[in-house]
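Letter by letter, the chains look like this.
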Amino acid sequence: MPTADLVVTNAEVRTLDPRRPHATAVAVRDGLIAAVGDDTDVRDWRGTGTEVVDLAGATLVPGLVDGHSHPVWGLDMTTGTDLSEVTGLDELRAVLAGAERIDGWVVGHGLDHNVFGGRTVDRALIEDVLGGAPAFLRLYDGHSALVTGAALAAAGVTGPRAFAQRSHLATDADGRLTGHLVEHAAMDLVAAVAPRPSYQQRRVRLVELLSAMAATGLTGAHVMDLGDLDLVSAVARETVLPLRLRFAPWCMPGDDAAALDELIALQSRAGRHWRVGGVKFFIDGTVEGGTAWLEQPDCHGQGTEAFWPDPRAYSEAVRTLHRAGVRTATHAIGDAGVRHVLDTVESLGPQARLTHRVEHIESVPDDTLARFARLGVIASMQPPHTDYTRADRTDEWSQRLGAARAARAWRMRDLRDAGAIVALGSDWPIAHYDARSVLATARAPRGAAADRAGLTGLQALEGCTSHAAVAAGETAVAGRVAPGFRADLTALGVDPVDAPADEVAEAPVRLTVTGGHIVHRAG
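Residues numbered from 1 in each chain as written. Predicted model: local features only at pLDDT ≥ 70, side-chain atom pairs only at ≥ 80, totals over all residues. Heavy atoms only, no water.

Novice: Mind showing me how you'd approach the overall build of the protein chain here?
Specialist: When helices and strands are tallied, the protein chain shows 18 helices and 26 strands. Principal-axis analysis of the C-alpha atoms gives the protein chain an extent of 80 × 50 × 50 Å. Here the analysis covers contacts within the protein chain between residues at least 6 apart in sequence; of these, 72% occur between residues at least 24 apart. Summing over all exposed atoms, the protein chain offers an accessible surface of approximately 19,200 Å²; the carbon and sulfur share of this is 48%. Once the 50 positive and 67 negative side-chain charges of the protein chain are each reduced to a mean point, those two points are 4 Å apart. (Helix = DSSP H or I, 4+ residues; strand = E, 2+ residues; numbered from the N terminus. Contact = heavy atoms within 4.5 Å. Areas by Shrake-Rupley, 256 points an atom, 1.4 Å probe, with all protein chains shown as cover. Lys, Arg positive; Asp, Glu negative; His and termini not counted. Charge placed at Lys NZ, Arg CZ, Asp CG, Glu CD.)

Novice: Would you mind showing me how to read the sheet that holds strand β23 (residues 422–424) here?
Specialist: One key point about sheets: their strands pair by backbone hydrogen bonds, in either a parallel or an antiparallel sense. In space, the 5 strands of this open sheet follow the order β19-β20-β21-β22-β23, with parallel pairing throughout. Each end of this open sheet is capped by a strand with a single partner; those strands are β19 (279–282) and β23. Each strand of the sheet is rotated relative to its neighbour by a mean of 25°, with strand direction disregarded. Against the sheet, helix α10 (residues 335–346) contacts β20 (328–332) and β21 (356–360), and its axis sits at roughly 155° relative to β20. (Pairing = 2+ DSSP bridges. Axes fitted to C-alpha atoms, helices over the stretch in contact; angles between N-to-C directions.)

Novice: I keep staring at the sheet that holds strand β25 (residues 509–514) and nothing clicks. Help me out?
Specialist: Spatial strand order, β3-β2-β7-β24-β25-β26: 6 strands in an open sheet with mixed pairing. Of all the strands in the sheet, just β3 (22–23) and β26 (517–521) have a single pairing partner and so form its edges. Across 4 bridges, strand β24 (residues 489–492) lies against β25 in antiparallel orientation. From the neighbouring strand, threonine 490 faces β25, where its bridge partner is threonine 512.

Novice: Would you take a moment to explain the nonpolar core for this structure?
Specialist: Most often, soluble globular proteins have nonpolar side chains that are buried together. In terms of nonpolar packing, the biggest core is built from 90 residues, with Leu245, Phe247, Phe281 and Phe372 touching the most fellow members. Apart from residues no more than four positions distant in its own chain, leucine 245 is found in contact with Pro71, Leu210, Ala221, Val223, Val232, His273, Trp274 and Arg275. (Core = buried A, V, L, I, M, F, W, Y, C linked by side-chain atoms within 4.5 Å. Buried < 20%, exposed > 50% of the residue type's maximum accessible area, 1.4 Å probe, protein only.)

Novice: Honestly, unusual backbone geometry in this entry has me stumped. Any pointers?
Specialist: It is generally the case that most residues other than glycine have a negative phi and that most peptide bonds are trans. The step from tryptophan 428 to proline 429 runs through a cis peptide bond, and the omega angle for that step is 10°. Along the chain, proline 429 turns up in the loop between β23 and α15 (435–443). Backbone geometry places alanine 56, a non-glycine residue, at a positive phi of 50°. Residue placement: alanine 56 occurs in the loop between β6 (51–54) and β7 (59–62). Unusually for a residue other than glycine, histidine 360 sits at a positive phi of about 95°. When you line up the elements, histidine 360 lands in strand β21. Residue classification places histidine 360 among the buried residues on the basis of a relative accessible area of 3%.

Novice: Can you walk me through the pattern of salt bridges in this structure?
Specialist: Opposite charge on two side chains lets them pair, provided their charged atoms get close. Scanning all chains against the criterion turns up 40 salt bridges. Glutamate 316 is paired through a salt bridge with arginine 323; the nearest N and O atoms lie 3.4 Å apart. The exposure class assigned to glutamate 316 is partly exposed, which follows from its relative accessible area of 37%. Residues joined by salt bridges that share partners form a network here, namely Asp76, Arg196, Arg202 and Asp228. (Salt bridge = Lys/Arg side-chain N within 4 Å of Asp/Glu carboxyl O.)

Novice: Can you walk me through the environment of glycine 271 in this structure?
Specialist: Tracing the backbone through its elements, the reader meets glycine 271 in strand β17 (residues 270–271). Judged by its relative accessible area of 35%, glycine 271 is partly exposed. When the C-alpha positions of glycine 271 and arginine 244 are compared, they lie 10.0 Å apart, and in sequence the two are 27 residues distant.

Novice: Would you mind showing me how to read the pairing of strand β1 (residues 6–9) here?
Specialist: Two faces belong to every sheet, and in a regular strand the side chains alternate between them. Along β1, one buried face is formed by Leu6 and Val8 and the opposite face, lined by Val7 and Thr9, is buried too. Both β1 and strand β4 (residues 25–29) contribute to a ladder of 3 bridges, which runs antiparallel. Across the sheet, residue leucine 6 finds its bridge partner in β4, namely valine 28.

Novice: Looking at this structure, I do not really get the environment of valine 422. What am I missing?
Specialist: Mapped onto the fold, valine 422 is located in strand β23. Valine 422 gets classed as buried once you look at its relative accessible area, which sits at 1%. Remark: the alpha-carbon pair of valine 422 and cysteine 464, spanning 42 residues in sequence, is separated by 9.0 Å. Not counting residues within four places of it along the chain, the set of residues in contact with valine 422 comprises Ala379, Met381, Met412, Leu415, Arg416, Gly463 and His467.

Novice: Quick question: what am I supposed to make of α10 here?
Specialist: Note: α-helices contain 3.6 residues per turn, so residues at a spacing of three or four share the same orientation. Given a rise of 1.5 Å per residue, 12 residues ought to cover 16 Å, and the 16 Å separating the end C-alpha atoms of α10 matches this to within 8%. For α10, the tally of buried residues reaches 9 of 12 residues, placing the bulk of the element in the interior. Where the residues of α10 are buried, they touch α9 (311–323), β20, β21, α11 (366–375) and α13 (403–406). (Expected span 1.5 Å × (residues − 1).)

Novice: Would you take a moment to explain the packing of aromatic side chains for this structure?
Specialist: By convention here, two paired aromatic rings are described through the distance between centres and the angle between planes. Enumeration over the complete set of coordinates arrives at 9 aromatic pairs. Judged by centre distance (3.6 Å) and plane angle (15°), the ring pair of tyrosine 140 and tyrosine 388 falls under stacked. On the criterion of sequence distance, the pair formed by tyrosine 140 in the loop between β11 (135–139) and β12 (144–147) and tyrosine 388 in the loop between β22 (378–381) and α12 (396–401) is long-range, its members being 248 residues apart. When sorted by exposure, tyrosine 140 lands in the same class as tyrosine 388, which is buried. With 6.1 Å between their ring centres and 70° between their planes, tryptophan 308 and tyrosine 314 make a pair best called edge-to-face. (Phe/Tyr/Trp six-rings, centres within 6.5 Å; stacked < 30°, edge-to-face > 60°.)

By themselves, these observations are geometric and do not establish any function.
As structure tokens, this is what we get:
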């Protein structure tokens, strides 16, 4: 009989396998689970080269997966000064005045829209404290930035531009550029000349980041961008990636048949612990930026247009990819955006079930919920996003939507109760990557969703395991602790199903195993 590489004993195993829901021991060989049961079931798998880990009663679950993350692109997005803890304009000005200069620039990230207290986002609010330095400050949503006049000049931007996507350079009543860059194409104009980390810096930071993610119990991430496959491939050849990375490159307005063919061809790219799997779309932007696609205008009179100027072109691109067997994920925050994605998937017919997904889904009406289950569209949601809102709904998100739509915030439990698959994630670097926080916040939503019922402990765990496997089309190999499945395992010091949510958020991570490799072990 062959011997195992790893045997885990003395554990409380939640397998999420209906054939054997509970166990106490697991054997691993060649990156796969070889046996699940008790000590007698794994005894014969032990050999002289087997590593045996006694978990001393810790709870072992299928490896936790972040259903929406940007761990490679995020290396650029998190360059410079972290502004995520800034709460007001005076504080922002003080931080920027003393911020580190990178090649003469002030670069920052994580800036909350609420910092401006309802004021128009405008470079005039900060330029006087920067001494003429160009500045590129990403707002927390990842869909907008505030830049200074010097930064605009460095990029050669002197006035509004026309874009293939719904993106713009904001102007005031006099036509002056305010420095508020809304959506990707506008941001890219200045990002192209702003400082970014070197290749070597990114390489070092990638390994550090993935190791830190593994220390929170993560064994995988659905990466909602193309990242840098050459960088990832180089790192994966030299070391074991602590997380499995599944990349979904973007399809954007204006992409023609050749671009779609290239996206289809990319699906064959893969390496150890990484692969391309799917394509990411945007049908809208963000509530705070006024670019979420809403059925009725927001309280600023904005939000009634799709990110794709011709939404029918979006639908046709999805159909083309579907015919080629490519899974899709679509960023859709507003009610009109979500409805259009569901309409598009419905047009594909019943064979599209459990193949396509919607990302974020921040506010939708009752009649939308049941369609997710009926059509088999996966809901991919990020509980930590609720932190950017307030329970009294005085935040920018709630104020923009108005009371009725803000009351529909993050309907994770309603979607589960309607029978939908709900995968959970962080959207790092928009929110922290800590998998325990994702589990806890799914059970106890915050801010505008604080009065809404959260998921049960089991539902939250499923969102990061078995439902994440459905979202990736990997139910035959992932999401359970069962023989033949990937040896991706997470051991926590508390039971994530039965322990209170606040205890789960602080739970010790005893062990993280990815592909049979121990990538984190408590000291």
